[in-house]
Amino acid sequence: MPSKFKEVTHVIFDMDGLLLNTEVLYTVATQNILDMYFQNPRKIYTWDVKIGLMGLQTEQVSRKIVDIYDIPITWEEYAALAREQIELLMKNCEKCAGAERLVKHLYDNNVPICLATSSSKESFDVKTIHHKELFKMFQHITMGSSDPEVAHGKPAPDIFLVAASRFPDKPKPENCLVFEDAPNGVTAALAAGMQVVMVPDVHVPDSQRQAATQVLTTLLDFKPEDFNLPAFNES
């Protein structure tokens, strides 16, 4: 029976919340900063705010949080505080379920793979310090908050188009499959003309999942053969 999905030759992965379980730590980090300025009454970093920020670049996030919560600092000062929190919290982040299994499977089967993360170089280095073997398998890594070629953050398609262009054989967007957890990332991948597998947080409502090509509970549920990629050898 033919697959309902298009054939894929190249794969692009997001990182936060998809490969590394950092999103819960981002919530803690943001709340810690809010608590520095708002104790009585306390301002809470809610899911309704967070879902609109997931996948955005550092400046975008910083500007929006300062504006939404009316924090009496500049976005640059907020970004500096966020970097301090990342240094404290992110170095012990864990891999998400199925992440290493899927990346290694594609790598072992010579499927071209790359990483497209909105993180900065400094943030990436902290988060991946204990996961270097995993990230060595990617042909290249695009870090949106530090990359001058990524002019606009998600939900704009820039980061995925830049990442795809850096494969040596320059695949067409329609031959690329993106893995994402955030609605902004799904929108960006679709805008780039790519298929996208979404592995959303449980709090993401159904209305923000429907645009994805495929929605999974975890990466363990992914079947590569659906996209004409080498199947897992389960024997």
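Residues numbered from 1 in each chain as written. Predicted model: local features only at pLDDT ≥ 70, side-chain atom pairs only at ≥ 80, totals over all residues. Heavy atoms only, no water.

(A) Representation of the overall build of the chain in the model. Looking only at helices and strands, the chain has nine helices and six strands in total. Taking 18 Å as the expected radius of gyration for a compact globule of 235 residues, we find that the chain reaches 18 Å, a close match to that expectation. With the C-alpha coordinates of the chain rotated into their principal frame, the extents come out at 60 × 35 × 35 Å. Sorting the 235 residues of the chain into buried and exposed places 51% on the buried side. When contacts within the chain are restricted to residue pairs at least 6 apart in sequence, those whose partners lie at least 24 apart make up 66%. (Helix = DSSP H or I, 4+ residues; strand = E, 2+ residues; numbered from the N terminus. Rg over C-alpha atoms; globule rule 2.2 N^0.38 Å. Buried < 20%, exposed > 50% of the residue type's maximum accessible area, 1.4 Å probe, protein only. Contact = heavy atoms within 4.5 Å.)

(B) Inspection of helix H8 (residues 158–165) at higher detail. Across the eight residues that make up H8, a large majority, six, are buried. Buried residues belonging to H8 abut strand E1 (10–13), strand E2 (113–117), strand E3 (141–143), strand E4 (176–180) and helix H9 (183–191).

(C) A look at the nonpolar core. One finds Val11, Phe13, Leu19, Phe135, Phe179 and Phe222 to be the most contacted residues of the largest nonpolar core, which totals 36 residues. Elements with a contribution of two residues or more to this core: E1, helix H5 (99–108), E2, helix H6 (121–127), helix H7 (132–135) and E4. At four residues, the largest contribution of residues to this core is made by H5. Residues in contact with Val11, not counting those within four places in the same chain, are Leu106, Val111, Pro112, Ile113, Cys114, Phe167, Leu177, Phe179 and Leu229. Counting residues in hydrophobic clusters, the runner-up holds 22 residues, among them Cys114, Ala116, Cys176 and Ala192. (Core = buried A, V, L, I, M, F, W, Y, C linked by side-chain atoms within 4.5 Å.)

(D) Region of interest: the packing of helix H1 (residues 23–37) against helix H4 (residues 75–89). Axis separation between H1 and H4 bottoms out at 10 Å; the angle between their running directions is 130°. With respect to H4, the axis of H1 lies oblique. Relative to H4, the crossing made by H1 is right-handed. Residues Leu25, Tyr26, Val28, Ala29, Thr30, Asn32, Ile33, Met36 and Tyr37 of H1 touch H4, and the partners they reach there are Tyr78, Leu81, Ala82, Gln85, Ile86 and Leu89. Considered class by class, the residues forming the contact of H1 with H4 number twelve nonpolar, three polar and no charged. (Axes fitted to C-alpha atoms, helices over the stretch in contact; angles between N-to-C directions. Parallel < 35°, antiparallel > 145°, perpendicular 65-115°, else oblique. Left-handed = near helix turned anticlockwise from the far one by under 90°. Nonpolar A, V, L, I, M, F, W, Y, C, P; charged D, E, K, R; others polar.)

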